[in-house]
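# Remarks on the overall topology
This is what each chain is made of:
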Amino acid sequence: MTSALATLPPPAGAPLTKKILTADHPTWCPGCGDFAVLHAFYRTLEKLQYPHEKIVTFAGIGCSSRFPYFVNTHGGHYIHGRALPFATGISLGGDDLHVFVFGGDGDGFSIGGNHLVHTARKNVRLTYVIMDNSVYGLTKKQTSPTSPIGFKTKTDPTGAIDQPINPMRTLINSGATFVARSHATQVNHMVEMMLRAAKHDGFSVVEILSECVEFYEGAFDASIPRKGGTWTLIDEKKNDGTPEDTLRHDTADDIAAFKLAQQAWPGSFGVFYENKNRKTKNALEAELVVKAKERTKNASDLAVLQATFSKMR
Amino acid sequence: MVSPNTPETPGGTASLAAAPQSIHDVVIRLAGNSQDGIQSIGGFLARLAGRSDQDIMTYMTIPSTISGGPSIFQVRMGTGEVLSAGDRADMLVVFYQHSYEAHIGSLRPGGVLIYDADHVKPTEGDNRFTQVAVPITTGTVEAVGGTSKDKGKNIYVLGLIARIFDLDGQKLGALIKERFGGKNEDVVRNAMLAFDAGYAWPQNNLRDLFFRFEAVDRAIAATGRPQVTMDGNMALAYGLIAAGVRHGAGYPITPWSSIMETLRAEFPKYGGLFVQCEDEIAAVSTALGFAFTGRLAVTGSAGPGLSLKMEALGWAVMAEMPIVVVNVQRGGPSTGMPTNVEQSDLLQAIYGSHGDTPRVVLAPRNVEDCFYIAIEAARIAREYSTPVLILTDMGLASRIEAFDEPDLSKLMVDPSPDLSDRGVDFKPYPLDRITRHAPAGSKVGTGKYPTVTGLEHDELGHPTGSPKLHVQMTAKRRNKIKALGASLPAPECVGDEEGDVLLVTWGSNWGPGREALTQVRAAQVKAAHMHLRHVHPLPNGLEETFKRFRKIVVAELNDEGLYGFGQFTMLLRARYANPDIVSVTKTDGLTFKISEIVAGIGRHLGSDVLAASGAANQNSALAKK
Ligand SMILES: Cc1ncc(C[n+]2csc(CCOP(=O)(O)OP(=O)(O)O)c2C)c(N)n1
Ligand code: SF4
Ligand SMILES: [Mg+2]
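Since the structure is predicted, the reported quantities are computational estimates derived from the model, not experimental observations.

Each helix and strand counted, chain B has 23 helices and 23 strands in total. Across the 625 residues of chain B, 62% fall into the buried class. Counting contacts in chain B only where the partners sit at least 6 residues apart, residues at least 24 apart contribute 72% of the total. For chain B, the accessible surface area stands at approximately 22,900 Å², while carbon and sulfur atoms represent 53% of it.

Before going further, it helps to examine the packing of helix α5 (residues 153-164) of chain B against helix α7 (residues 185-205) of chain B. Residues and elements named next belong to chain B. For the pair α5 and α7, interaxial distance at closest approach is 7 Å and the crossing angle is 40°. As judged from the angle between their axes, α5 and α7 are oblique. Our pair here, α5 against α7, has a crossing hand that is right-handed. Taking contact as the criterion, the partners of Ile155, Tyr156, Leu158, Gly159, Leu160, Ala162, Arg163 and Ile164 in α5 are, on α7, Ala191, Ala194, Phe195, Ala197, Gly198, Tyr199, Trp201, Pro202 and Gln203. When grouped by side-chain class, the residues that make up the contact of α5 with α7 number 13 nonpolar, 3 polar and 1 charged.

Each angle at a metal carrying four tetrahedral donors should ideally be 109.5 degrees, and each at a metal carrying six octahedral donors should ideally be 90 or 180 degrees. All names here are of chain A. Each protein donor to the magnesium ion (ligand 3) is listed here as Asp105 (OD), Asn133 (OD1) and Val135 (O); together their distances run 2.1 to 2.2 Å. Ordering the donors of the magnesium ion (ligand 3) by residue number gives the pattern D-x27-N-x1-V. Pair check on accessibility: Asn133 and Val135 agree, each one buried.

Another aspect to go through is the packing of aromatic side chains. Considering all chains together, one arrives at 29 aromatic pairs over all chains under this definition. Summarising the aromatic geometry, the rings of Phe67(A) and Phe102(A) are spaced 3.7 Å apart at their centres and angled 10° between planes, so their arrangement reads as stacked. Here Phe102(A) lies in strand β3 (residues 98-104) and Phe67(A) lies in the loop between β1 (55-59) and β2 (74-77), a separation of 35 residues in the sequence. For the pair shown, Phe67(A) and Phe102(A) are each scored as buried. Centre to centre, the rings of Phe546(B) and Tyr576(B) are 5.2 Å apart; their planes meet at 80°, and the pair counts as edge-to-face. Placement of Phe546(B) in helix α20 (residues 542-547) and of Tyr576(B) in helix α21 (residues 567-576) is noted, with a sequence separation of 30 residues between them. For the pair Phe546(B) and Tyr576(B), one class covers both residues: buried. Above the plane of the ring of Trp510(B) lies Arg365(B), whose end atom (NZ or CZ) is 3.9 Å from the centre.

It is worth spelling out the interface of chain A and chain B at this point. The partner chain B presents 67 residues to the 50 residues of chain A that form the contact. Taken together, the two surfaces of chain A and chain B that pack against each other cover about 4,900 Å², and 62% of this comes from carbon and sulfur. Applying the counting criterion to the chain A and chain B interface returns 3 salt bridges. The residue Arg264(B) makes a salt bridge to Glu285(A) at a minimum N-O spacing of 3.1 Å. Joining chain A to chain B, the criterion identifies 23 residue pairs in polar contact (both at pLDDT 80 or more).

Another aspect to go through is the domain arrangement of chain A. How big an interface is tends to be stated in terms of the accessible area lost upon association of its parts. Residues and elements named next belong to chain A. Segmenting chain A into domains produces domain 1 (18-277) and domain 2 (279-313). Once you take the C-alpha centre of each, domain 1 and domain 2 turn out to be 38 Å apart. Counting residues at the interface gives 10 residues for domain 1 and 4 residues for domain 2. Where domain 1 abuts domain 2, roughly 610 Å² becomes buried across the two surfaces, and 53% of that area is made up of carbon and sulfur atoms.

Take the site of ligand 1 next. What surrounds ligand 1 is a group of 16 residues, the closest being Cys63(A), Ser64(A), Asp105(A), Gly106(A) and Asp107(A). Ligand 1 is flanked by residues contributed from chains A and B. Its residues placed into classes, the shell around ligand 1 shows 5 nonpolar, 8 polar and 3 charged.

This next bit is on helix α4 (residues 136-144) of chain B. Residue and element names in this part refer to chain B. The set of residues buried in α4 consists of Ile136, Thr137, Gly139, Thr140 and Val144. Taken down its axis, α4 places every buried residue within 165° of arc, on the same side. Contacts made by the buried residues of α4 are with β5 (89-94), β6 (107-116), β7 (130-134), α5 and α7. Backbone geometry just downstream of α4 places Gly145 in the positive-phi region, at approximately 65°.

All names here are of chain B. If you trace the 7 strands from one edge of the open sheet to the other, you get β11-β10-β12-β13-β15-β14-β21, paired in mixed fashion. Both outer strands of the open sheet, β11 (273-276) and β21 (534-536), are each paired with one neighbouring strand and no more. For this sheet, the mean angle separating the axes of adjacent strands, direction not counted, is 25°. In this structure, strand β12 (residues 297-301) lies alongside strand β13 (residues 323-329), joined through 4 bridges in parallel fashion. Bridge assignment links Val298 to a residue of β13, and that residue is Val324.

Conventions we followed
Residues numbered from 1 in each chain as written. Chains lettered and ligands numbered in written order. Predicted model: local features only at pLDDT ≥ 70, side-chain atom pairs only at ≥ 80, totals over all residues. Heavy atoms only, no water. Helix = DSSP H or I, 4+ residues; strand = E, 2+ residues; numbered from the N terminus. Buried < 20%, exposed > 50% of the residue type's maximum accessible area, 1.4 Å probe, protein only. Contact = heavy atoms within 4.5 Å. Areas by Shrake-Rupley, 256 points an atom, 1.4 Å probe, with all protein chains shown as cover. Axes fitted to C-alpha atoms, helices over the stretch in contact; angles between N-to-C directions. Parallel < 35°, antiparallel > 145°, perpendicular 65-115°, else oblique. Left-handed = near helix turned anticlockwise from the far one by under 90°. Nonpolar A, V, L, I, M, F, W, Y, C, P; charged D, E, K, R; others polar. Donors = N, O, S within 2.8 Å, 3.2 Å for Na, K, Ca; no water. Phe/Tyr/Trp six-rings, centres within 6.5 Å; stacked < 30°, edge-to-face > 60°. Lys NZ or Arg CZ within 6 Å of the ring centre and 35° of its normal. Buried area = accessible area lost by both parts, 1.4 Å probe. Salt bridge = Lys/Arg side-chain N within 4 Å of Asp/Glu carboxyl O. Polar contact = N/O pair within 3.5 Å; in protein donor to acceptor, adjacent residues only side chain to side chain. Domains from an automatic or database assignment. Near = heavy atom within 4 Å. Arc of directions from axis to C-beta. Pairing = 2+ DSSP bridges.

Given below as structure tokens:
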């Protein structure tokens, strides 16, 4: 039996800790990369210390999309591929909310592919974490849009034949204003990427390679040093005037980001692209309200509607 | 801008012609091309009537090929309550030979044909109609002069009609100035010149054609409120605003688009916003996202788009998330007849989606009701935490009606989300109560924040595979909608207490149904008319009324299906297991004519009188008394 004390809510103003943020025990297979992503998210929220009730954890459908059940914040588990438009409503409806969306490669790049492009284009203020395992996990090993050619799945028993998408290229091209790539075996790096994404004023995406140990074991070994792979971090420009700085990656340069995305597998990790100048849809819509209210001279809702009806007499 | 020859007041001109004949109402159809501005003639007449004491209802069609295609506008103007657009025209105005050929069949025998003598050659010696040649094109060109060619023909015809029906020329003049006032002075002057020329033309040419509407019965008209004039889609949009809806999302599709266009422009004035999404799935999702923050939102579409929203609606039922979904029905399936009317989305509205998805479907009966039903939809969505669909249709969407201005001060709903702290007993999905979500942004006393979910869940929202919980939660979702049904008022039912036939209608068939009842009863048949605005859930107690009639005839605009019954009829038969419930259906893409309903009732009653009289009956007449 739990003591009464244990069920009491934390005192107001108490810092948000992993303990408070922990909800249901994850249902993932032991060893699934998604555990590490969840842990990194707790740590990110510990650093951010947003008011508890203002945090939203949201997802579509997939193993990775179970995420919201494991995080004690306002949250939701929606339908397959459509978490982004739902989260758009959350972000635009509650402008003071901090919205985090989690999902898989199928959820994000396949069924939800068009929503991804349009949420990016509109620059809706929210953070999207794609847990890419290059396979459909929940439905037990079908080809995903990031499955490499030759990967044998239940829908491609002789090996995948369709060209996979390149997530970084897709995201940069979509107009996302913050695009980063990380790895579930690199918790500190994930926390750093999520923190920067959360602080970015706009649509920020972090793609995290997160291994499905059940259906695609070893998928990302090429980027895990202890498995003989190489872990290459993006060396970001410091603007320190040194000669070596000219060789560093300018995250504001989309062409450079695009080039980085073309690197041979397993490529580099870090922030590929960041645009701090584009206005968010949140800000643009708020401007429309300000302008409209100026025109109506801040009249009450009743007065505005009454004036409209009077014109239709 | 003063017109050089302001039309004389009706009182002044009357002396030149014979005394006007008194008429109750008139159906005028105008046919031309869409660039002729025919719709705007209708708009002016509607607004004029809205400002007078005449009730007005207009009927219009827009061709799928918007530009250059044949365009018509039909207006029925009358004294007192005008219930339907009228079966056949008393007066037909045609601009071109093709308009004449396409629409002469809609003019009743004895009616008046006015044609542009510059473009139309009617069949010689056709003495079924009074044929009146008017040089509409040359008359306009002469009046306006200059380079404007025949632009303004519509305003010329407006002047003609104003004179023939003794309408208030000064008021019309004021409306024209108001309408064109934003443009340069030449435009206003040209419009007034065309109007005056049209107004003056009958004076020396049409002494016989001079009518005046019967005086309004003040006792009926005196509601003390001014009349407003708008189409059904506008009424719906403003109803949503009155209902405290400030957020929405949509994707364009005829005939829903004008609602989203209105809301996109209007919501910011009220501190809200409407998002144009990449598709209908995104739109319903975004609207649900707004609801998740405590802001009830609207999405909408027409048939094909509603189909796209179905998976999300299933989620909304499971997650018990409120949302208002507008569906402006058109001819289907698929792109079907996108600019015609049909009521064929009923079953998809009630049962579309997957799994058991009880939810609410309402259908407005006329333009005025579009306003009030929006308010009711929002109230039900909030109170029962449920999706509510509003099934309107192409006919209502674009038809203009005048109605009593709503008392907004009594109707406005506060849009603020309830972000108050939730207590320590908060549960997102209690079994014994209706769900009241804690919106994102609200503090939860337990310190345990809820996850809204499409998975079956326990009271706290945790996923469950428990058969017992699925049974309980399914019942919970069903029972709240049943409770709503039990709380609904008895539907409007007029006519005899018992008898041969109970005519049942839903949605926009209310007006034609009511007029059909009058005709059926005039033929000595004992009959009543029941109209349902709440199509799902149904109000309780209908079976008691049904029992008192030999036949229950449901008139609806959809196909009789494989088993011989329209969609609503099928539901009523299934619900009441009453074999006397039968259908009158049709799928020609047009609203019901009164005669079609009367004839249908006649067929079911085995009454030759009704079957024949329905076909012949006229609801209004210009014929001399
Ligand atoms: C409309 C719809 N289609 C299909 C499914 C079945 N489905 C559930 S998850 C999924 C794919 C999951 O893959 P991914 O998004 O990569 O997530 P993962 O499980 O790998 O984390 C599919 C096809 C569904 N739930 N809904
Ligand atoms: S199936 Fe794969 S992705 Fe899903 S929980 Fe198991 S390991 Fe993780
Ligand atoms: Mg996957």
